[in-house]
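So the chains spell out like this:
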Amino acid sequence: GYNDEDAGAVDMENGDFFGFDERLTLGCSAWCGCIDFVCEVSASSVLKDQGKVSYHARHLAEENRENVWAEGAEGVGIGESIEIRQMYMGSGEAELTFYSICIVNGYAESKAKWQENGRVKSLKLYYEDEYMGLITLEDTMNPQYIDISALKMKVGNGFDADFRFEIAEVYEGSKYEDTCLTGIIIDFNGIFAH
């Protein structure tokens, strides 16, 4: 019964916000039945803090363009990886299916930072240590939505889901070797309170 304006809908394609709008707007979604949600992010390497700026992997789940993860290995970061562990506990069905990943490439706080630092050209996706395929990314600051529904990745209500993203190729930055990502948000369907 909601229209976009009443629900507080925002521009998810080109605006400041990214991720999935059911977390940001009113109305019924899988989140209605949420009792507990855990999202832990770690990385094989992290760039050392530069003054007050940190590049921790947890920034990838914060849905905020001002925070970024940067790999800290020698070179451009080929082979460096990010691990995301999610656990959703809800009052609905026994299982959920992951259907989409939103990725914001590079250091997307500003056009200058985005161009100066490296961006990811492709990522190897692993789920529960099984290789699922290669994700190819465009060289853009805009959110990119990758449909993974055909992979049929499922997890039980209240159980951990473990994802790993490994850098396979990069777009090199104009100034720095560091390769950056601003966000990786994984969305699902299948658990509702109603």
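Calculation rules
Residues numbered from 1 in each chain as written. Predicted model: local features only at pLDDT ≥ 70, side-chain atom pairs only at ≥ 80, totals over all residues. Heavy atoms only, no water. Patch = residues over 30% accessible without salt bridge, like charges linked within 9 Å, V, L, I, M, F, W, Y side chains within 5 Å. Areas by Shrake-Rupley, 256 points an atom, 1.4 Å probe, with all protein chains shown as cover. Salt bridge = Lys/Arg side-chain N within 4 Å of Asp/Glu carboxyl O. Lys, Arg positive; Asp, Glu negative; His and termini not counted. Charge placed at Lys NZ, Arg CZ, Asp CG, Glu CD. Buried < 20%, exposed > 50% of the residue type's maximum accessible area, 1.4 Å probe, protein only. Helix = DSSP H or I, 4+ residues; strand = E, 2+ residues; numbered from the N terminus. Contact = heavy atoms within 4.5 Å. Pairing = 2+ DSSP bridges. Axes fitted to C-alpha atoms, helices over the stretch in contact; angles between N-to-C directions. Phe/Tyr/Trp six-rings, centres within 6.5 Å; stacked < 30°, edge-to-face > 60°. Lys NZ or Arg CZ within 6 Å of the ring centre and 35° of its normal.

Draft legend 1. Up close: a negative patch on the surface. Taken together, Glu83, Glu128, Asp129 and Asp162 make up a surface patch of like negative charges. On the basis of relative accessible area, Asp162 is assigned to the partly exposed category, the value being 31%.

Draft legend 2. Region of interest: the environment of Tyr55. Topologically, Tyr55 is positioned in the loop between strand 1 (34–43) and strand 2 (69–70). Along the primary structure Tyr55 and Glu71 are separated by 16 residues, whereas in three dimensions their C-alpha atoms are 8.0 Å apart. Excluding anything up to four places from it in sequence, Tyr55 contacts Val46, Leu47, Lys48, Asp49, Gln50, Val68, Trp69, Ala70 and Tyr107.

Draft legend 3. View of the pairing of strand 3 (residues 81–90). Along strand 3, seven of the ten residues are buried, which leaves the element largely enclosed by surrounding structure. The sheet contact formed by strand 1 and strand 3 spans nine bridges and is antiparallel. Each bridged residue has a counterpart across the sheet, and for Glu40 the counterpart in strand 3 is Arg85. Pairing geometry for strand 3 and strand 9 (residues 160–171), over seven bridges, is antiparallel. Directly across from Ser81, in strand 9, lies its bridge partner Glu166.

Draft legend 4. Summary view of the sheet that holds strand 5 (residues 119–127). Ordered in space as 1-3-9-5-6, the five strands form an open sheet in which the pairing is antiparallel. Pairing within the sheet leaves two strands with one partner each, and these edge strands are strand 1 and strand 6 (130–136). Along the sheet, successive strands turn relative to each other by an average axial angle of 20°, direction set aside. As defined by bridge partners, strand 5 adjoins strand 6 across six bridges and the pair is classed as antiparallel. Directly across from Tyr126, in strand 6, lies its bridge partner Tyr131.

Draft legend 5. Looking closely at the packing of aromatic side chains. Here the structure, examined in full by the defined rule, presents seven aromatic pairs. Taking 4.9 Å as the distance between ring centres and 90° as the angle between the ring planes, the aromatic pair formed by Phe98 and Phe163 counts as edge-to-face. Here Phe98 is found in strand 4 (residues 95–105), whereas its partner Phe163 is found in strand 9, with 65 residues between them in sequence. Under the relative-accessibility criterion, Phe98 is labelled buried at 2%. Take Phe163: its relative accessible area is 2%, and that puts it in the buried class. Members of the aromatic cluster, each reached through a chain of ring pairs, are Tyr88, Phe98, Tyr127, Phe163 and Phe188. In this structure, Arg164 is placed above the aromatic ring of Tyr126, and the distance from its NZ or CZ to the ring centre is 4.0 Å.

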